Amino acid sequence: MALLNPAATLPSTSRDAQELFDERFNAAQMLATGQTWVDELGESYTAAALETKYPLSILALKFREAKTLEGGFETIGEKDCTLTVAEYQAGVEIELAKIRSNAFAVKRWTDAAQSMVAAEQQFKLKLIADALVANTAGACGWDDLALFHDSHLSNAKDSDSTTFDNLQASVKDVVSLTNLEAEITLMANGVLDVNGDLLGVMPTHIGVPPAKFQGLKNLLKQDFVPSAAGTATMRNPYNDAGLTVVCMNQLTDADDWYLFDMNLISKGVPPWVVAKFDGGSEFGIRHWDMSNSDACRKKSTLAVSYHLLYGYKFLFPHAVRKVAGA
């Protein structure tokens with residue numbers, strides 16, 4: 001049934017408009033509970049302080065011949081890194097006259113509340129995607145190198161320990177069974193524990209930019225593929241291997257790809273951690289109108305800003321590998 005008087009449903013005051021915005025914002029937050037690839041392939045949590053010390057250790061006990069009555073003991077060897085959050089902001093503004101007279105303007109106003117929630121999710125994704133592409137030197141908490149490096153320490157507390165790499169600088173297209181096999185093998189047979197022994201990494205997920213997603217999905221779905229010699233077909237070894245393809249839409253490099261071992265990540269060895277600090281009522285949604293803002297008073301507008309306190313840190317290089325793509 002059509003409304004006889006649509007104007008009766010419009011906000012009559014700026015306070016009504018603010019409450020309407022908050023209702024839609026809170027509803028959108030309650031619905032935005034799905035995990036993103038940032039949450040699944042790393043770790044996300046609510047920080048209790050602006051700066052957090054994050055402990056780093058991978059204890060790998062190794063049996064040796066007992067030559068004394070007491071035996072030998074391994075120290076935990078824990079080190080830590082610091083994660084610091086920073087403030088970020090987004091805001092929307094609308095003319096007060098429009099929101100009190102135009103139902104379509106009100107619809108855009110409430111849509112903006114949902115967009116703010118979606119923008120926070122995109123912010124988290126882009127935060128990590130940009131960091132993966134940049135691969136800044138010194139960013140990895142494990143040994144203070146870049147996350148992707150050819151000489152990671154197997155023991156972060158011992159600068160003389162053996163090393164391993166998790167970066168393939170030679171260009172390889174991900175839509176290739178030959179390249180997949182080579183990089184999966186290198187990762188499985190290259191990552192070391194603190195004793196210098198193989199850690200037992202096995203990739204379960206492949207993260208790709210959107211330009212490579214469908215081609216890789218189609219390749220992995222094929223039952224039969226050309227043999228290495230190209231003269232016959234063979235059964236696709238990755239058709240039922242359980243490899244999950246993850247479309248990382250926020251990557252700005254259209255070719256590079258990433259291997260992840262989700263089993264190792266779930267055991268507490270995530271490649272990154274993302275923290276959100278809850279600043280209470282002083283942060284979050286802030287309302288601006290003609291009663292508390294000179295700018296809004298001059299323009300007769302209503303505005304809302306959303307403030308976030310976020311931070312991230314690269315932690316362990318063991319469960320992730322980057323391959324330069326083509």
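Let us look at the structure shown here. Since the model is a prediction, treat every value here as computed from it, not as a measurement.

Basis of the calculations
For every chain, the first residue of its written sequence is number 1, and the numbers climb from 1 along that sequence. Per-residue local features of the predicted model are confined to residues with pLDDT of at least 70, and side-chain atom pairs are confined, for both listing and counting, to 80 or more; whole-chain, interface and lining totals are unaffected and use all residues. Calculated side-chain values reflect all of the structure's heavy atoms, with hydrogen atoms and water omitted. Any carboxyl oxygen of Asp or Glu that lies within 4 Å of a side-chain nitrogen of Lys or Arg is treated as forming a salt bridge with it. Here a strand is any run of E in DSSP of at least two residues, a helix any run of H or I of at least four, and the numbering for each starts at the N terminus. Every angle, taken between N-to-C directions, lies between 0 and 180 degrees, and every axis is a line fitted to C-alpha atoms, over only the stretch in contact when it is a helix. By the definition adopted for this analysis, an angle is roughly parallel if under 35 degrees, roughly antiparallel if over 145, roughly perpendicular if from 65 to 115, and oblique otherwise. In a left-handed crossing the near helix is turned counterclockwise from the far helix by less than a right angle, and in a right-handed crossing that turn is clockwise. Here, two residues are considered to be in contact whenever any of their heavy atoms come within 4.5 Å of each other. Buried Ala, Val, Leu, Ile, Met, Phe, Trp, Tyr and Cys residues form a nonpolar core when they are joined through side-chain atoms within 4.5 Å. With a 1.4 Å probe rolled over the protein chains alone, any residue whose accessible area is under 20% of its type maximum counts as buried; one over 50% counts as exposed, and the rest are partly exposed. Between the first and last residue of a helix there are one fewer steps than residues, each counted as 1.5 Å, and that sum is the expected span. Residues adjacent in sequence count toward polar contacts only when both atoms are side-chain atoms; beyond that, a polar contact is any pair of N or O atoms within 3.5 Å, and within protein one must be able to donate a hydrogen and the other to accept it. Strand pairing is assigned whenever DSSP identifies at least 2 bridges connecting the two strands. Aromatic pairs are defined between Phe, Tyr and Trp rings, using the six-membered ring for Trp, whenever the two ring centres lie within 6.5 Å; interplanar angles under 30 degrees are classed as stacked, those over 60 as edge-to-face, and all others as tilted.

### Digging into the pattern of salt bridges
Under the counting rule described, the total for this entry stands at 15 salt bridges. Note that R321 and D165 form a salt bridge whose closest N and O atoms lie 3.2 Å from each other. Remark: D165 occurs in the loop between β6 (163-164) and β7 (167-168) and R321 occurs in strand β16 (residues 320-323); sequence separation between them is 156 residues. A salt bridge links K212 to D173; the shortest N-O distance between them is 3.2 Å. Pair noted here: K212 is in helix α6 (residues 210-221) and D173 is in the loop between β7 and α5 (177-188), with a separation of 39 residues, a long-range link. Several salt bridges share partner residues, and in doing so they unite D165, K172, E183 and R321 into one network.

### Comments concerning the packing of helix α1 (residues 14-31) against helix α4 (residues 103-134)
Two elements in contact, α1 and α4, have axes whose closest approach is 8 Å; the angle formed by their N-to-C orientations is 40°. In this view, α1 runs oblique relative to α4, as classed from their interaxial angle. Crossing of α1 over α4 shows right-handed handedness. Contact residues: A17, L20, F21, R24, F25, A28 and Q29 in α1; V106, W109, T110, A112, A113, Q114, M116, V117 and E120 in α4.

### Observations regarding the nonpolar core
Grouped together as the largest cluster of nonpolar side chains are 81 residues, with contacts concentrated most on W37, L132, L180, I206 and W272. Residue contributions to this core peak at twelve residues, all from α4. Those residues within four positions of W272 in sequence are excluded, and the remaining contacts are W37, V38, L41, G42, E43, I128, L132, F260, K313, F314 and L315.

### Points about α4
With 32 residues, α4 extends 45 Å between its outermost C-alpha atoms, agreeing within 8% with the 46 Å of an ideal straight helix rising 1.5 Å per residue. N-capping of α4 is provided by N102, with a side-chain oxygen placed 2.8 Å from the backbone N of F104.

### Topic: the sheet that holds β16
Pairing in this open sheet of five strands is mixed, and the strands run β7-β16-β12-β8-β11 from one edge to the other. Only two strands of the sheet have a single neighbouring strand rather than two, namely β7 and β11 (244-247). On top of the sheet, α5 reaches β7, β8 (205-208), β12 (257-260) and β16; it is set at about 45° to β12, its chief contact.

### Description of unusual backbone geometry
If you check the backbone angles, N135 has positive phi at about 50° while not being a glycine. Relative to the helices and strands, N135 resides in the loop between α4 and β5 (152-153). Backbone geometry at D144 places phi at a positive 60°, although glycine is not the residue there.

### Considering the packing of aromatic side chains
A full pass over the atoms with the stated rule returns nine aromatic pairs. Between the aromatic rings of F123 and Y310, the centroid separation amounts to 5.4 Å while the plane-to-plane angle is 65°, which identifies the pairing as edge-to-face. Highlighted residues: F123 in helix α4 and Y310 in strand β15 (residues 301-314), separated in sequence by 187 residues. Exposure remark for Y310: the relative accessible area of 5% places this residue in the buried category. Consider the rings of W142 and F316, whose centres lie 5.8 Å apart with planes at 45°: the pair is tilted. Of this pair, W142 sits in the loop between α4 and β5 while F316 sits in the loop between β15 and β16, placing them 174 residues apart in sequence. Under the relative-accessibility criterion, F316 is labelled buried at 2%.

Interpretation in functional terms is not warranted from these geometric data alone.
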